[in-house]
Amino acid sequence: MTTAATKSAAARDPRRRAGVTVLSTLTAWLTRPLASFHLLLAVFGLLTVFGLVMVLSASSVDSFNRDGSSYSVFVKQVMYCGAGLVLFYIALRAPVRLLRRYSLGILAFCLGLLVLVLIPGVGTELNGARSWFFVAGVSFQPVEFAKIAFALWGAHVLVTKRGLMTQYRHLLVPVVPAALLMFTLVMMQPDLGSTITLFVVLLALLWFAGAPLRLFLVMALGAVTGGIVLAMIAEYRMARLTSFLDPASDPSGNGYQAMQALFALADGGLMGRGLGQGWSKWQYLPNVHNDYIFAVIGEELGFIGCAIVLMLYATTAYVGMRIAFRNTDPFIRLVAATLTTWLVGQAVINIGYVVGLLPTTGLPLPLISSGGSSVVTSMLVFGLLANFARHEPEAIAALRSLGPGRVGKLLRLPTPAPYRPPARRKTSRPVPRTRPGAKSSGASGTRRSGAEPRARGARSGPGSRAQTRGGHR
């Protein structure tokens, strides 16, 4: 009686009934064939617009002091977003088979750029790192594109060898040596933050490829050891580490940036001071529109604004993994999971050091921080994920039976081809060779020659066990 009364009371409660209705509606919408594609486009649009608004707010003072206009950084960001939208559209239309076929060439091209950027006069040194190309007044970092190229090529190699993943030499070679080469080239710039994100890409590739857990324990131990060594040989890295452990010990020196970021977050409270009303951008917090833009979000939009950003990245993680697990193509599954891990992992690292949970690494917040290479490559990743979302089996069936839909017609998107696993080649059982020096004459030789046709006939018969084993091998 008590249970029945509770159920009837819940049915009469309008708030509980509304919650159940919203949940059921959301669940029904997520079962649609193109739900992943539409949800990804919505998150992509919200992050892009939100990022442009916050870049305008955070950079207005610094832009006016340097260029006499409050919109100089914002205009550049809009231009980079335009270039990123072009790459987003190209990635959205690119055939998956071509991405896989030319992944090695793309990686080789990016490795060449990483070598060229180290040459004085070709690469440009900025903030102590020679990691930039300046072409016609436009700057970009080749390492950002190298991360995507490494994810595509690494997924191609691991999927090709997926039947040999139990053997370490096939699991690690050539993916790990190529990763070590990229680590070396990036650390020669030097750029520890990009090296960390490349390491995240490597870990994601091996994890989703099914590498054993003990391998990650060894890699984590090696990463910690390498980080300690790199911190000890570079004074500025050691200063970052000590300021992270105790930022209040040097509040006007190495701990200044971390302390000011915490002050900005605390000043925002629950609702924030209001958009454009923050104090940290008035020269109190360096790199406020780039590395530390999350502090401006907390100051001007409060805890609510920070929660919205976290919710957007959590939705990105959900929809990216949903795309990976709903696809049947192993290449798409591995690339989608790896790129999602990298994108969301970089956001976690950026927010982590802004709130004081991680040491400062100088990584931007994807699609929100100002910076050309970061926003362009983030849009390229979203374009690839949107392309993979249209390759879900249910999405392909719907697009082929019902047409491209409104978004497909507007963007003139081609109908994706269904995944067909490669046919396994039938191998015949090898014929035993005669031992060198064995006699082939005499009675025994006659018996062997007489028995040989029967053995061949047994192997070539339609119902023989030997043929069955050869056909399934």
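About the criteria used
Residues numbered from 1 in each chain as written. Predicted model: local features only at pLDDT ≥ 70, side-chain atom pairs only at ≥ 80, totals over all residues. Heavy atoms only, no water. UniProt positions renumbered as here; feature names shortened; annotations may be inferred. Helix = DSSP H or I, 4+ residues; strand = E, 2+ residues; numbered from the N terminus. Buried < 20%, exposed > 50% of the residue type's maximum accessible area, 1.4 Å probe, protein only. Core = buried A, V, L, I, M, F, W, Y, C linked by side-chain atoms within 4.5 Å. Contact = heavy atoms within 4.5 Å. Arc of directions from axis to C-beta. 1 Å grid on protein atoms, 1.4 Å probe; cavity = no way out; pocket = protein on both sides within 12 Å on 5 of 7 lines; lining within 4 Å. Points joined across faces, edges and corners; volume = space filled by probe spheres on them. Nonpolar A, V, L, I, M, F, W, Y, C, P; charged D, E, K, R; others polar. Axes fitted to C-alpha atoms, helices over the stretch in contact; angles between N-to-C directions. Parallel < 35°, antiparallel > 145°, perpendicular 65-115°, else oblique. Left-handed = near helix turned anticlockwise from the far one by under 90°. Polar contact = N/O pair within 3.5 Å; in protein donor to acceptor, adjacent residues only side chain to side chain.

By the naming in an unreviewed UniProt entry, the chain goes by Probable peptidoglycan glycosyltransferase FtsW and is assigned to Saccharopolyspora endophytica. Regarding the chain, the UniProt comment filed under Pathway (unreviewed entry) reads as follows: "Cell wall biogenesis; peptidoglycan biosynthesis." The UniProt entry for the chain carries the following comment under Subcellular location (unreviewed entry): "Cell membrane".

A. Layout of the environment of G302. Along the chain, G302 falls in helix α14 (residues 293–326). Classification of G302 as buried rests on a relative accessible area of 1%.

B. Region of the structure containing the nonpolar core. Ranked by internal contacts, the top residues of the largest apolar core, which has 111 residues, are F150, L202, L206, I368 and F388. Residues within four places of I368 in sequence aside, it is in contact with L47, F50, G51, V55, I293, I297, V309 and Y313.

C. The arrangement of helix α12 (residues 235–245) in detail. Among the residues making up α12, those that are buried are R237, A239 and S243. All buried residues of α12 lie within an arc of 160° about the axis, which places them on one face of the element. On its buried face, α12 sits against α9 (175–187), α10 (192–209) and α11 (213–233).

D. Focus on empty space enclosed by the protein. Applying the stated criterion to the full structure yields one cavity of 30 Å³ or more. The calculated volume of the largest cavity comes to roughly 30 Å³. Within the residue set of the lining of the largest cavity, elements represented by two or more residues are α15 (330–354) and α16 (372–389). Along the lines of polarity and charge, the residues of the lining of the largest cavity split into three nonpolar, four polar and one charged.

E. Layout of the layout of surface pockets. One number sums up the size of the second largest pocket: a volume of about 960 Å³. The set of elements that each furnish at least two residues to the lining of the second largest pocket consists of α9, α10, α11 and α12. The element that contributes the greatest number of residues to the lining of the second largest pocket is α11, accounting for 11 residues. Here the lining of the second largest pocket is composed, by residue class, of 21 nonpolar, six polar and two charged.

F. Main features of the environment of A258. Within the secondary structure, A258 is located in helix α13 (residues 256–268). Considered as a pair, A258 and L285 are 27 residues apart in the sequence and their alpha carbons are 8.9 Å apart. Contact partners of A258, with chain neighbours within four places excluded, come to P247 and Y292.

G. Representation of the packing of helix α7 (residues 142–160) against α16 in the model. One can describe the packing of α7 onto α16 by two numbers: an axis separation of 9 Å at closest approach and a directional angle of 20°. By the angle class used here, α7 and α16 are roughly parallel. Our pair here, α7 against α16, has a crossing hand that is right-handed. On α16, the residues that touch E144, F145 and I148 of α7 are S373, V376, T377, L380, V381 and L384. Looking at the contact of α7 with α16 residue by residue, the class counts come to six nonpolar, two polar and one charged.

H. Spotlight on the environment of D267. Here D267 shows up in helix α13. Dropping the residues within four chain positions of it, D267 is found in contact with R273, W279 and E299. Polar side-chain contacts of D267 include one of 3.4 Å to the side chain of R273.

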